[in-house]
Amino acid sequence: MRIATLTSGGDCPGLNAVIRGIVRTASSEFGSTVVGYQDGWVGLMEDRRVQLYDDAAIDKILLRGGTILGTGRLHPDKFKAGIDQIKENLREAEVDALIPIGGEGTLKGAKFLADNGIPVIGVPKTIDNDVNGTDYTFGFDTAVSVATDAIDRLHTTAESHNRVMIMEVMGRHVGWIALHAGMAGGAHYTVIPEFPFDINQICKAMERRFQMGEKYGIICVAEGALPKEGTMDFKEGEEDEFGHKTFNGIGQVIGDEIHKRLGHDVRTMVLGHIQRGGTPTAFDRVLATRYGVAAARAAHRGESGKCVALHGEHIELIDLEEAVGTLKSVPLSRYATAQALFG
């Protein structure tokens with residue numbers, strides 16, 4: 001059997017661990033070969049493939065962040081228009097099954113291919129942890145660890161200067177990173193996209209800290225957070241060609257408002273792509289490896305139109321339709337836990 005794999009969308013710690021899991025499982029358990037398409041769907045359409053060998057080199061990529069195959073984005077219309085070319089390229093490469101590794105957009109593409117007769121097993125990837133149908137996606141734990149470490153460091157400098165420090169983290173539509181990092185790092189307020197914030201409540205929480213003798217405050221903000229309608233002026237960003245909203249720096253907007261209302265010294269930092277880079281945590285290495293092994297085994301069983309998923313302690317298969325139906329957002333009960341710690 002011949003398996004193909006690719007990584008698409010944003011880079012993410014743990015991608016190489018999945019690739020390693022696929023290659024080693026295919027080789028050791030089934031005697032199969034694996035090819036990798038470079039730069040995501042674009043590489044598949046342009047037939048840019050490399051042979052992946054079960055050797056010392058593939059073993060070492062477990063430790064590396066990013067992806068040895070490269071990644072990228074392709075507009076859905078161009079992707080769908082290239083279905084015949086994709087089929088031809090896979091036929092010419094004698095590929096029996098494709099394992100695309102990516103987030104919701106990539107998994108939508110995987111579902112489209114499966115619906116058009118191409119054997120596909122998807123692997124969910126995103127630091128945002130927003131893929132439906134799985135408890136966790138790899139990359140999330142690494143991103144939270146990086147963000148938590150940053151908040152830990154902000155505590156000492158904020159306290160030394162009697163400042164309010166605002167850290168903006170990734171999270172376009174969901175606030176899992178902000179929620180977990182804010183809780184683990186002891187942030188005094190956390191703002192996420194699922195629940196529009198009231199700037200008055202944030203200011204009251206910060207002012208209460210200063211009145212009680214705590215001369216600093218830490219706020220963790222997801223980049224996609226929005227204010228409650230009518231509570232403050234804020235202009236939303238436009239969308240790019242892929243339908244992704246551009247952001248106007250909600251952390252800075254909140255910081256400016258706190259300074260204007262309370263007069264406190266406020267500093268804002270945007271953690272940005274640091275969250276997506278570097279070495280994956282042990283948790284993400286293990287989860288990504290398990291996903292790769294499970295995907296390779298599913299492909300050899302002849303499964304298609306499925307996605308590997310973590311349910312409790314077990315890796316299981318779900319329909320791709322379940323994985324891409326809706327984003328997995330933070331429920332009110334989880335946010336309420338964080339709210340108990342505000343102020």
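The residue numbering used here restarts from 1 in each chain and proceeds along that chain's sequence as written. pLDDT decides what is reported in this predicted model: residues at 70 or higher carry local features, side-chain atom pairs at 80 or more are listed and counted, and totals for whole chains, interfaces and linings draw on all residues regardless. Side-chain metrics in this entry use all non-hydrogen atoms of the structure; hydrogen atoms and water are not considered.

- Looking at an unreviewed UniProt entry, one finds the protein named ATP-dependent 6-phosphofructokinase and attributed to Corynebacterium pyruviciproducens ATCC BAA-1742.
- UniProt positions are given in the numbering used here, feature names are shortened, and annotations may be inferred rather than shown by experiment. Here is the UniProt Subunit (unreviewed entry) comment for the protein, exactly as written: "Homodimer or homotetramer."
- According to the UniProt record, the Pathway (unreviewed entry) comment for the protein is "Carbohydrate degradation; glycolysis; D-glyceraldehyde 3-phosphate and glycerone phosphate from D-glucose: step 3/4."

Digging into the packing of helix α1 (residues 15-30) against helix α11 (residues 282-300)
1) Next: Lines fitted to C-alpha atoms define the axes here, with helix axes fitted over just the stretch in contact, and angles between the N-to-C directions of these axes take values from 0 to 180 degrees. Runs of H or I in DSSP of at least four residues are treated as helices and runs of E of at least two as strands, each being numbered from the N terminus. Relative to each other, α1 and α11 sit at 40 degrees, their axes nearing to 7 Å. Taken together, the axis directions place α1 and α11 in an arrangement best described as oblique. In the packing of α1 onto α11, the handedness of the crossing is right-handed. Across from A17, V18, R20, G21, I22, T25, A26, E29 and F30 in α1, the residues of α11 making contact are R285, A288, T289, G292, V293, A296, R297 and H300. For classification purposes, angles smaller than 35 degrees are called roughly parallel, those larger than 145 roughly antiparallel, those between 65 and 115 roughly perpendicular, and all remaining angles oblique. The sense of a crossing depends on the near helix, which, turned anticlockwise from the far helix by less than a right angle, makes the crossing left-handed and, turned clockwise, makes it right-handed. For this analysis, residues touch if any pair of their heavy atoms sits within 4.5 Å.

Some thoughts on the environment of T231
1) Next: Note on placement: T231 falls in the loop between β8 (217-222) and α10 (250-262).
2) Next: Along the sequence, T231 and S27 sit 204 residues apart, while their C-alpha atoms lie 59 Å from each other.
3) Next: Looking at T231, its side chain comes within polar contact range of the main-chain oxygen of K228, at 2.6 Å. Whenever two N or O atoms come within 3.5 Å, that pair is a polar contact, provided that in protein one can donate a hydrogen and the other can accept it, and provided that, for residues adjacent in sequence, both atoms are side-chain atoms.

Remarks on the pattern of salt bridges
1) Next: A pairing counts as a salt bridge when a side-chain nitrogen of Lys or Arg comes within 4 Å of a carboxyl oxygen of Asp or Glu. Following the criterion strictly, the structure yields 19 salt bridges and no others.
2) Next: Across the pair K111 and D115 runs a salt bridge whose closest N-O atoms are separated by 2.9 Å. Of this pair, K111 and D115 both sit in helix α6 (residues 104-115), 4 residues apart, roughly one helical turn.
3) Next: D115 sits in the exposed class, given a relative accessible area of 55%.
4) Next: For R209, the salt bridge identified is with E214, shortest N-O distance 3.7 Å.
5) Next: Each residue's exposure class comes from its accessible area (1.4 Å probe, protein chains only) as a fraction of the maximum for that residue type: buried when under 20%, exposed when over 50%, partly exposed otherwise. Judged by relative accessible area, which is 38%, E214 ranks as partly exposed.
6) Next: Salt bridges here are not isolated pairs; linked through shared partners, they connect R20, R24, D54 and D59.

Quick word on the sheet that holds strand β5 (residues 121-124)
1) Next: Spatially, the 7 strands line up as an open sheet ordered β3-β2-β1-β4-β5-β10-β11, and their pairing is mixed. In the strand order of this sheet, the two ends are held by β3 (49-52) and β11 (314-319), each with one partner. For this sheet, the mean inter-axis angle between neighbouring strands, taken without regard to orientation, is 30 degrees.
2) Next: Strand pairing is defined by DSSP finding a minimum of two bridges between the two strands. When strand β10 (residues 306-311) meets β11, the two strands line up antiparallel, connected through 6 bridges. Each bridged residue has a counterpart across the sheet, and for V308 the counterpart in β11 is L317.

Here's the deal with the domain arrangement of the protein
1) Next: As annotated, the domain borders come from an automatic or database domain assignment. Domain boundaries in the protein define domain 1 (2-139 + 280-325) and domain 2 (141-277).
2) Next: Computed from C-alpha coordinates alone, the two centres of domain 1 and domain 2 are separated by 33 Å.
3) Next: On the side of domain 2, 16 residues touch domain 1, which itself brings 17 residues to the contact.
4) Next: R276 is the partner of D11 in a salt bridge, and the nearest nitrogen-oxygen pair spans 3.0 Å.
5) Next: Think of it as three bins: nonpolar holds Ala, Val, Leu, Ile, Met, Phe, Trp, Tyr, Cys and Pro, charged holds Asp, Glu, Lys and Arg, and polar takes everything else, Gly as well. When grouped by side-chain class, the residues that make up the side of domain 1 that touches domain 2 number 7 nonpolar, 5 polar and 5 charged.

Topic: the UniProt feature "active site" (unreviewed entry) in the protein
1) Next: Feature annotation in UniProt places "active site" (unreviewed entry) on D128, given in this structure's numbering.
2) Next: With respect to the secondary-structure elements, D128 resides in the loop between β5 and α7 (140-161).
3) Next: Assessed through its relative accessible area of 17%, D128 is described here as buried.
4) Next: Ignoring anything within four residues of it in the chain, the contact list for D128 reads F140, M170, G171, V174, W176 and I177.

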